[in-house]
Amino acid sequence: MGIRAIIVDTAGTTTDQHFIQDVLFPYSLKAMPIFLERQQQNFLVDACISDTRDIALEDDASLARVAEILQTWIREDRKATPLKTLQGLIWKEGYAQNDFTGHIYPDFIEAIKQYRAQGLRVYSFSSASVEAQKLLFGHSDGGDLTELFNGHFDTRTGSKLDKQAYSNILNTISLAPKQVLFVSDLLGELKAAAAAGMQTCQMVRDSTVKTGDYRQIHSFSELQIE
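Positions within a chain are numbered from 1, following the residues in the order the chain's sequence is written. In view of the model being predicted, local features appear only for residues whose pLDDT reaches at least 70, and side-chain atom pairs are presented and counted only at 80 or more, with totals across whole chains, interfaces and linings using the full set of residues. Think of the side-chain values as coming from all heavy atoms in the structure, minus any hydrogens and water.

Student: Now, about the packing of helix H3 (residues 63-76) against helix H4 (residues 81-96): what can you tell me, with residues and values included?
Tutor: Between N-to-C directions, angles span 0 to 180 degrees; the directions come from axes that are lines fitted to C-alpha atoms, helices contributing only their stretch in contact. Counting from the N terminus, the helices are the DSSP runs of H or I reaching at least four residues and the strands are the DSSP runs of E reaching at least two. H4 packs onto H3 with a crossing angle of 95 degrees between their chain directions and a minimal axis gap of 10 Å. Judged on the interaxial angle alone, H4 and H3 are roughly perpendicular. Where H3 approaches H4, its residues Leu 70, Trp 73 and Ile 74 are matched on the opposing element by Pro 82, Leu 83, Leu 86 and Gln 87. Angle categories are assigned with fixed cut-offs, so that under 35 degrees is roughly parallel, over 145 is roughly antiparallel, 65 to 115 is roughly perpendicular, and the rest are oblique. Throughout, a contact is declared for two residues whenever any of their heavy atoms are within 4.5 Å.

Right under this line is the structure:
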């Protein structure tokens, strides 16, 4: 049974981790208080503010306090869904104003075109929201890549360290586990995907990546799928 679909992690795999940490996170950190003030009447933003109060167990938190909580979560790299949703909305404005473009490794840009030409399906799975992923790939260094993807998944599917999230993805895309290859730089994610029966491959872009007993590549140019 051959591989029919590839699922890629983003940070550290398709995208330089430094772009996330040095460009996107600081941008959302700085913009958060003003954004909440400006957009608090927006239904989605209002829901995120409410969810943040719930998670932080601070029902009476002022808007300024909610902004502080979210800024703390950004510094901690918390995978909280309301934070990820709000960051996606803030980044949308940043991309639209050309404050930055989405960093995508050139080897992935070439590879995704090749995979699609081979008839393979390509998906991304990230702790960033689906909306943020679409922005990243839609405003990338290599232009708009969104047409090359079959879909995107985020933490609403489940934790990336949990086998169930990968089983949920398999159910959504209606493929057998062995027909799907998951590529990530993180061992915990590869372990969870393997537990769900997926084929796995570790992306090792630099010497800081912890490696394990998984097939390894250093660039998508090394990933040949017959």
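Student: Hey, could you go over a negative patch on the surface for me, with residue numbers and the actual values?
Tutor: To count toward a patch, a residue needs a relative accessible area above 30% and no salt bridge. Like charges then connect within 9 Å, nonpolar side chains (Val, Leu, Ile, Met, Phe, Trp, Tyr) within 5 Å. Computed by Shrake-Rupley with a 1.4 Å probe, the accessible areas treat only the displayed protein chains as cover when residues are assessed. Salt bridges are identified by distance alone: a Lys or Arg side-chain nitrogen within 4 Å of an Asp or Glu carboxyl oxygen. Under the counting rule used here, the positive set is Lys and Arg, the negative set is Asp and Glu, and His together with the chain ends is not counted. We put the charge of a Lys on NZ, of an Arg on CZ, of an Asp on CG and of a Glu on CD. A cluster of acidic residues, Asp 51, Asp 54, Asp 59 and Asp 60, forms a negative patch on the protein surface. If you trace the backbone, Asp 51 turns up in helix H2 (residues 43-56).

Student: A description of empty space enclosed by the protein should follow, citing residues and the corresponding values.
Tutor: A cavity here means a set of points on a 1 Å grid, drawn over the protein atoms and nothing else, where a 1.4 Å probe fits but cannot get out; a pocket is an open set with protein on both sides within 12 Å along at least five of seven lines, and a residue lines either one if it has an atom within 4 Å of a point. Grid points are joined across faces, edges and corners, and a volume is the space filled by probe spheres set on the points. Within this structure, the stated rule accounts for one cavity of 30 Å³ or more. Of the pockets and cavities examined, the largest cavity occupies roughly 40 Å³. Around the largest cavity sit Thr 81, Lys 84, Thr 85, Ser 129, Asp 154, Thr 155 and Arg 156, which together line it. Gly falls in the polar group here, along with every residue not listed as nonpolar (Ala, Val, Leu, Ile, Met, Phe, Trp, Tyr, Cys, Pro) or charged (Asp, Glu, Lys, Arg). Looking at the lining of the largest cavity residue by residue, the class counts come to no nonpolar, four polar and three charged.

Student: Describe the pairing of strand S4 (residues 180-184), naming the residues involved and giving the relevant values.
Tutor: Two faces make up the sheet, and in a regular strand the side chains alternate between them. Among the five residues of S4, five are classified as buried, and the element is accordingly described as predominantly covered. Relative accessibility thresholds used throughout: buried, under 20% of the residue-type maximum; exposed, over 50%; partly exposed, between the two (1.4 Å probe, protein chains only). On S4, burial covers both faces: Val 180, Phe 182 and Ser 184 on one face and Leu 181 and Val 183 on the other are all buried. Whether two strands pair comes down to DSSP finding at least two bridges between them. Pairing of strand S1 (residues 5-8) with S4, which is carried by four bridges, proceeds in the parallel orientation. Along S4, the bridge assignment pairs Ile 7 with Phe 182. Bridge count for S4 against strand S5 (residues 199-203) is four bridges, and the pairing is parallel. Counted as the bridge partner of Val 183 is Cys 201 from S5. When the strands point away from the viewer, a crossover counts as right-handed if the path from the first strand over the helix to the second runs clockwise. Regarding the hand of the β-α-β motif, the stretch spanning S4, helix H8 (residues 187-195) and S5 is right-handed.

Student: I'd love a proper account of the layout of surface pockets, names of residues and values included.
Tutor: Taken as a whole, the largest pocket encloses approximately 770 Å³ of empty space. Together, 35 residues line the largest pocket, and Ala 11, Gly 12, Gln 17, Lys 79 and Leu 186 are the ones closest to its centre. Elements that contribute at least two residues to the lining of the largest pocket include exactly helix H1 (17-39), H4, helix H6 (130-138) and H8. For the lining of the largest pocket, a count of residues per class yields 13 nonpolar, eleven polar and eleven charged. Here the second largest pocket is characterised by a volume of approximately 190 Å³. Broken down by secondary-structure element, the contributors of at least two residues to the lining of the second largest pocket are H2, H4 and H6.

Student: Give a detailed account of the side chain of Ser 124, specifying residues and quantitative values.
Tutor: Take Ser 124: it is sitting in strand S2 (residues 121-125). We call two N or O atoms a polar contact when they sit within 3.5 Å, provided that within protein one can donate a hydrogen and the other can accept it, with sequence-adjacent residues counted only if both atoms are side-chain atoms. For Ser 124, the side chain forms a polar contact with the side chain of Gln 133, separated by 2.5 Å. Look past the residues within four positions of Ser 124 in its chain and what remains in contact with it is Ile 7, Val 8, Thr 10, Gln 133, Phe 137, Phe 149, Gly 151, His 152 and Phe 153.

Student: Explain the sheet that holds S1 residue by residue, including any values.
Tutor: Strand pairing in a sheet relies on backbone hydrogen bonds. The paired strands run either parallel or antiparallel. Reading across the sheet, the six strands line up as S3-S2-S1-S4-S5-S6 and stay open at both edges, with parallel pairing between neighbours. Each edge of the open sheet carries a strand with a single partner, namely strand S3 (151-153) and strand S6 (216-217). Sheet topology places S2 next to S3; three bridges connect them, and they run parallel. Bridge pairing links Phe 125 to Phe 153 in S3. Each of S2 and S3 is contacted by H6, which is oriented at about 130 degrees to S3, the strand it contacts most.

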